[in-house]
Amino acid sequence: GAGVSQSPSNKVTEKGKDVELRCDPISGHTALYWYRQSLGQGLEFLIYFQGNSAPDKSGLPSDRFSAERTGGSVSTLTIQRTQQEDSAVYLCASRTRVNEQFFGPGTRLTVL
Amino acid sequence: AQSVTQLDSQVPVFEEAPVELRCNYSSSVSVYLFWYVQYPNQGLQLLLKYLSGSTLVKGINGFEAEFNKSQTSFHLRKPSVHISDTAEYFCAAFNTGFQKLVFGTGTRLLVSP
C-alpha cells in the first residue's frame, strides 16, 4: 500500500510569507506526528494528533506555527510570517497501533 | 524526562568490516526502541524495533540490535557492511506515557572501499 506522502517536496519562500505543508498519512493510522529536522539540531518533535483528541502542541516553537488535521486523515502544517531560522526539513509520520512510526519523505523549506 | 544518546556522531568503516553504532536511553517508564536509517535527501526508514520479547531483534539489510535493560542500551550492529549502508542512523525511544518518539542526534556511517 501507499506510504506517507508529503507535499511539496521542496518549498522556497521569502521571509515574512506564510507557507502550508501537507501530509497524507497511511490509511487507517490514527496517530500523526510532525517533526522538524535542522542541521545541527537533529529531529525535533512539533505536534501530535491522535484520533479525535486535542492535539499535543507542546513542540511547536512559536505561535507562528500551527497545524490541523481534517477528518482524521490529511494534516496541514502552517508557518506564518516565515523566518530564516524556519528553514529545515519538515517530516510527517503516521503511527500504527504497535507504535511504529512511518515517515514521509519530508518537505525541504528554504526561507530566503 | 526521557533522552536518547548516540555518542558517536560519525563512524568511518571499511567495506565488509563489522560495525556497531551505540545508543543509550534513559526513561523511568516502559519504552519501545527503534533504529531508523536516513539516506541522503530521503525520509526516515524503519530498520528494526524492540517492543517486547526477545532482546535480540533483527531488521532489514542485515542489521540487528540488542536490548540491554541493565545497561539501558540498544546498540545496532552489522557483521559486514556495504558501501550502500552509508547513511545517517537514528536511535529513538517511544515513551508510552508521553506518546512521543524521542530521537538521538544521529550517527553518520561512512563506508569506504
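Before any of the text, the structure's been laid out above.
What you are looking at is a predicted structure, and each value in this text was computed from that prediction instead of being measured.

Rules behind the numbers
Within each chain, residues carry numbers counting from 1 in the order of the written sequence. Lettering of chains starts at A and numbering of ligands starts at 1, both following the order in which they are written. Side-chain atom pairs in this predicted model are given and counted only at pLDDT of 80 or more, local residue features only at pLDDT of at least 70, and totals for whole chains, interfaces and linings cover all residues. In computing side-chain values, all of the structure's heavy atoms are included and hydrogens and water are not. Here a helix means four or more residues in a row that DSSP labels H or I, a strand means two or more in a row labelled E, and each is numbered from the N terminus. Summary of the burial criterion: residues with accessible area below 20% of their type's maximum are buried, those above 50% are exposed, and those between are partly exposed, where the area comes from a 1.4 Å probe applied to protein chains only. By definition, residues are in contact when any of their heavy atoms lie within 4.5 Å. A simple way to read buried area is as the amount of 1.4 Å-probe accessible surface that goes missing from two parts once joined, with both sides added. Every case where a carboxyl oxygen of Asp or Glu lies within 4 Å of a side-chain nitrogen of Lys or Arg is listed as a salt bridge. Any pair of nitrogen or oxygen atoms within 3.5 Å is treated as a polar contact; in protein, a donor-acceptor pairing is required on top of that, and neighbouring residues in sequence qualify only through side-chain atoms on both sides. Amino acid classes used here: Ala, Val, Leu, Ile, Met, Phe, Trp, Tyr, Cys and Pro are nonpolar; Asp, Glu, Lys and Arg are charged; the rest, including Gly, are polar. Two strands are counted as paired when DSSP detects at least two bridges linking them. A fitted line through C-alpha atoms represents every axis, and for helices the fit uses only the stretch in contact; the resulting angles, taken between N-to-C directions, go from 0 to 180 degrees. Criterion for a disulfide: a pair of cysteine sulfur atoms within 2.5 Å.

Novice: Report on unusual backbone geometry, specifying residues and quantitative values.
Specialist: In this structure, the amide linkage connecting Ser7(A) to the following residue, Pro8(A), adopts the cis form with an omega of -10 degrees. A positive phi angle, close to 50 degrees, is found at Arg81(A), a residue other than glycine. Even without glycine at this site, Thr72(B) takes up a positive phi of about 45 degrees. Within the secondary structure layout, Thr72(B) lies in the loop between strand 8 (64–68) and strand 9 (73–78). Note on Thr72(B): relative accessible area 29%, which makes it partly exposed.

Novice: Tell me about the interface of chain A and chain B, residues and numbers included.
Specialist: In this assembly, 18 residues from chain A lie in contact with 17 residues from chain B. Summed over both partners, the interface of chain A with chain B buries about 1,500 Å², with 57% contributed by carbon and sulfur atoms. Together, Leu43(A), Asn99(A) and Phe103(A) form the three largest contributors to the area buried by chain A at its contact with chain B, with a combined 33%. Summed over the shared surface of chain A and chain B, the result is two salt bridges. In this structure, Glu100(A) and Lys49(B) form a salt bridge, with 2.7 Å as the shortest nitrogen-oxygen distance. At the boundary of chain A and chain B, one finds five residue pairs in polar contact (both at pLDDT 80 or more). Listed by contribution, the elements that provide at least two residues to the side of chain A that touches chain B are strand 4 (31–38), strand 5 (42–50), strand 8 (88–95) and strand 9 (101–103) of chain A. The residue makeup of the side of chain A that touches chain B, split by class, is nine nonpolar, five polar and four charged.

Novice: Describe the sheet that holds strand 3 (residues 19–24) of chain A, listing the residues and the values that go with them.
Specialist: Residues and elements named next belong to chain A. Here four strands make up an open sheet; going across it, the order is 1-3-7-6 and the pairing antiparallel. Since the sheet does not close on itself, it has two edges, and those belong to strand 1 (5–7) and strand 6 (65–69), each with one partner. The average angle at which neighbouring strand axes cross in this sheet is 15 degrees, direction not considered. In this sheet, strand 3 lies alongside strand 1 in antiparallel orientation, the contact comprising three bridges. Residue Gln6 lies in a different strand from strand 3, and its bridge partner there is Cys23.

Novice: Kindly report on the state of the cysteines, identifying the contributing residues and their values.
Specialist: Think of a disulfide as a covalent bridge from one cysteine sulfur atom to another cysteine sulfur atom. Residue and element names in this part refer to chain A. Per the stated rule, a full pass over the model turns up two disulfides over all chains. Paired by a disulfide, Cys23 and Cys92 hold their sulfur atoms 1.8 Å apart. Its S-S torsion of about -65 degrees marks the bond between Cys23 and Cys92 as left-handed, since a negative value means left-handed. A residue pair is termed long-range when its members are at least 10 positions apart, and Cys23 in strand 3 and Cys92 in strand 8 qualify at 69 residues. Neither Cys23 nor Cys92 differs from the other in exposure class; each is buried.

It is worth stressing that arrangement in space is one thing and function is another; only the former is reported here.
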